[in-house]
Amino acid sequence: DLTMAARTAMFDIEQNDWSDELLTIFGVPREALPEVTDHLHAGSVQVAGVELCGSIADQAAGVAAVVQPFGSPQSECLVNIGTGAFVMQPIDGPGIRRPGYLTGPVLASSEYGTRFAIEGTINGVGPAIESFGSGPTHLHEEDQFPGAFAIPDLSGVGAPHWRADIGLTLSSRAQEMDSPGQRLICIEGLLFRIHEILLGLNDAQRPDRILVSGGLANEPAIVSGLAALVGRPVRRLDEPETTLLGAARLVGGMSPYADPGFETIMPGAPGRYLAGKFERWQAWCAEVFR
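Since the model is a prediction, treat every value here as computed from it, not as a measurement.

Colleague: With reference to specific residues and values, describe a nonpolar patch on the surface.
Modeller: A surface patch of nonpolar side chains, amounting to about 200 Å² of accessible area, comprises V45, V47 and L52. Here V45 shows up in strand β3 (residues 40–47).

Next comes the structure, spelled out in structure tokens:
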């Protein structure tokens, strides 16, 4: 389907066809590739003896299920935090680009049309945080470790930096801390990376609504810290498995949007220091990326 074809990095999302230029770069003959279609097939197909009723990329499924139908006057982002963290914002078409970020399809349906989103990624952040213990972790009102910083991307820094040579990185002060303290600093790094992406996707503005899902959405420091950092309410979705929700609605023949329930987390005193620390984190990262 279109969302999976786009994930191969060999598909031209504006021409809606395999890219001859990219196929040449990767050395893949066009005849080796399947026909690209939408998610909703007229009946199921058999693949290796398994009945396949629909196909959609994982993060695309989450966006289609929980972000308001496209065309809403309010901007809305989904932050899905599991093994990796993905920040996805709907856009009007495939031609919209932001330097360092990914533009791709999230829905391809004859009934609901083709929809696109722009995406930022934080690679391997779930295992990075869990490597310092299971938590939970809570934020203080004041910065307990002002000289400690982290880049939380375990498997190479993703958008907008794209540095495969740099993984999980702790500042010298953070390296001296115990595991609970390092877990906190790694969570701070995740929050700063999310904030960086939100600003990058929105021309230095913040979206009107921020939705958070995934296994780490229940970590106290993450959602409350994000609300404090962006200075506005954050919606923690009742259903953490948004990608499964979107896939289930697809194969069940339902409309993509599930109108999910949520809990609103207001900005509070815990983590109020993060906005001031963000600029210092950016300066430290600039040295690391040099």
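Colleague: Give me the sheet that holds strand β12 (residues 234–237): which residues, what numbers.
Modeller: Within the open sheet, the 7 strands sit side by side as β7-β8-β6-β5-β11-β12-β13. Their pairing is mixed. Either end of the sheet is taken by a strand with one partner, and the two such strands are β7 (102–109) and β13 (262–265). In this sheet, neighbouring strand axes are inclined to one another by 30° on average, regardless of whether the strands run parallel or antiparallel.

Colleague: Describe in detail empty space enclosed by the protein, supporting the description with residues and values.
Modeller: Under the counting rule described, the total for this entry stands at 1 cavity of 30 Å³ or more. As a volume, the largest cavity reaches approximately 110 Å³. Lining of the largest cavity is provided by 15 residues; of these, L107, G246, R249, L250 and P256 occupy positions nearest its centre. Sorting the residues of the lining of the largest cavity by element identifies α3 (58–66), β7 and α8 (242–251) as the ones contributing at least two each. Among the residues making up the lining of the largest cavity, the classes are represented as 10 nonpolar, 4 polar and 1 charged.

Colleague: Could you give an account of the side chain of D1, with specific residues and numbers?
Modeller: By the element assignment, D1 lies in the segment before α1 (2–7). A polar contact of 2.6 Å, which involves the side chain of D1, links it to the side chain of T3.

Colleague: Kindly report on the packing of helix α6 (residues 179–201) against helix α9 (residues 274–289), identifying the contributing residues and their values.
Modeller: Interhelical geometry of α6 versus α9 gives an angle of 85° and a closest axis separation of 10 Å. In terms of orientation, α6 lies roughly perpendicular with respect to α9. On α9, the residues that touch I185, E188, G189, L191, F192, R193, H195, E196 and L199 of α6 are L274, K277, F278 and W281. Across the contact of α6 with α9, the residue classes break down as 7 nonpolar, 2 polar and 4 charged.

Colleague: An account of unusual backbone geometry is requested, with residue identities and associated values reported.
Modeller: G135 connects to P136 through a cis peptide bond whose omega is 5°. By the element assignment, P136 lies in the loop between α4 (125–130) and β9 (150–151). That bond from A159 to P160 is cis: its omega, 0°, falls within 30 degrees of zero. As for its placement among the helices and strands, P160 is situated in the loop between β9 and β10 (169–170).

Colleague: So what's going on with the packing of aromatic side chains? Which residues, and what values?
Modeller: Across all of its chains, the model carries 5 aromatic pairs by this definition. Ring centres 5.4 Å apart and planes at 85° place the aromatic pair F11 and W18 in the edge-to-face group. Per residue, the accessibility class of F11 equals that of W18, and both read buried. Plain terms: the ring middles of F278 and W281 are 5.9 Å apart, the flat faces sit at 20° to each other, and that makes the pair stacked. A residue pair is termed a helical-turn pair when its members lie 3 or 4 positions apart in one helix, as F278 and W281 do in helix α9 at 3 residues. Accessibility classification places F278 together with W281 in one group, the buried group. A cation sits over an aromatic face here: K277 above F149, 5.4 Å from the ring centre.

Colleague: Tell me about the pattern of salt bridges, and please be specific about residues and values.
Modeller: Taken as a whole and judged by the stated rule, the model has 17 salt bridges. D20 serves as the salt-bridge partner of R30, at 2.8 Å between the closest nitrogen and oxygen. Of this pair, R30 sits in the loop between α2 (20–26) and β3 while D20 sits in helix α2, and the two are 10 residues apart along the sequence. Residue classification places R30 among the partly exposed positions, given a relative accessible area of 32%. For D20, a relative accessible area of 52% gives the class exposed. A salt bridge links R163 to D165; the shortest N-O distance between them is 2.8 Å. Linked through salt bridges whose partners overlap, the residues forming this network are D143, E188, K277 and R280.

Colleague: Break down the layout of surface pockets for me, citing the residues and quoting the values.
Modeller: By volume, the second largest pocket amounts to about 250 Å³. R7, L102, T103, G104 and E119 are the residues nearest the centre of the second largest pocket, which is lined by 16 residues in total. Counting only elements with at least two residues in the lining of the second largest pocket, the list comes to α1, β7 and β8 (113–122). Broken down by element, the residue count for the lining of the second largest pocket peaks at 5 residues, all from β7. A per-class count over the lining of the second largest pocket returns 10 nonpolar, 3 polar and 3 charged.

Reading the values: the criteria
- Residues numbered from 1 in each chain as written.
- Predicted model: local features only at pLDDT ≥ 70, side-chain atom pairs only at ≥ 80, totals over all residues.
- Heavy atoms only, no water.
- Patch = residues over 30% accessible without salt bridge, like charges linked within 9 Å, V, L, I, M, F, W, Y side chains within 5 Å.
- Areas by Shrake-Rupley, 256 points an atom, 1.4 Å probe, with all protein chains shown as cover.
- Salt bridge = Lys/Arg side-chain N within 4 Å of Asp/Glu carboxyl O.
- Helix = DSSP H or I, 4+ residues; strand = E, 2+ residues; numbered from the N terminus.
- Pairing = 2+ DSSP bridges.
- Axes fitted to C-alpha atoms, helices over the stretch in contact; angles between N-to-C directions.
- 1 Å grid on protein atoms, 1.4 Å probe; cavity = no way out; pocket = protein on both sides within 12 Å on 5 of 7 lines; lining within 4 Å.
- Points joined across faces, edges and corners; volume = space filled by probe spheres on them.
- Nonpolar A, V, L, I, M, F, W, Y, C, P; charged D, E, K, R; others polar.
- Polar contact = N/O pair within 3.5 Å; in protein donor to acceptor, adjacent residues only side chain to side chain.
- Parallel < 35°, antiparallel > 145°, perpendicular 65-115°, else oblique.
- Contact = heavy atoms within 4.5 Å.
- Phe/Tyr/Trp six-rings, centres within 6.5 Å; stacked < 30°, edge-to-face > 60°.
- Buried < 20%, exposed > 50% of the residue type's maximum accessible area, 1.4 Å probe, protein only.
- Lys NZ or Arg CZ within 6 Å of the ring centre and 35° of its normal.

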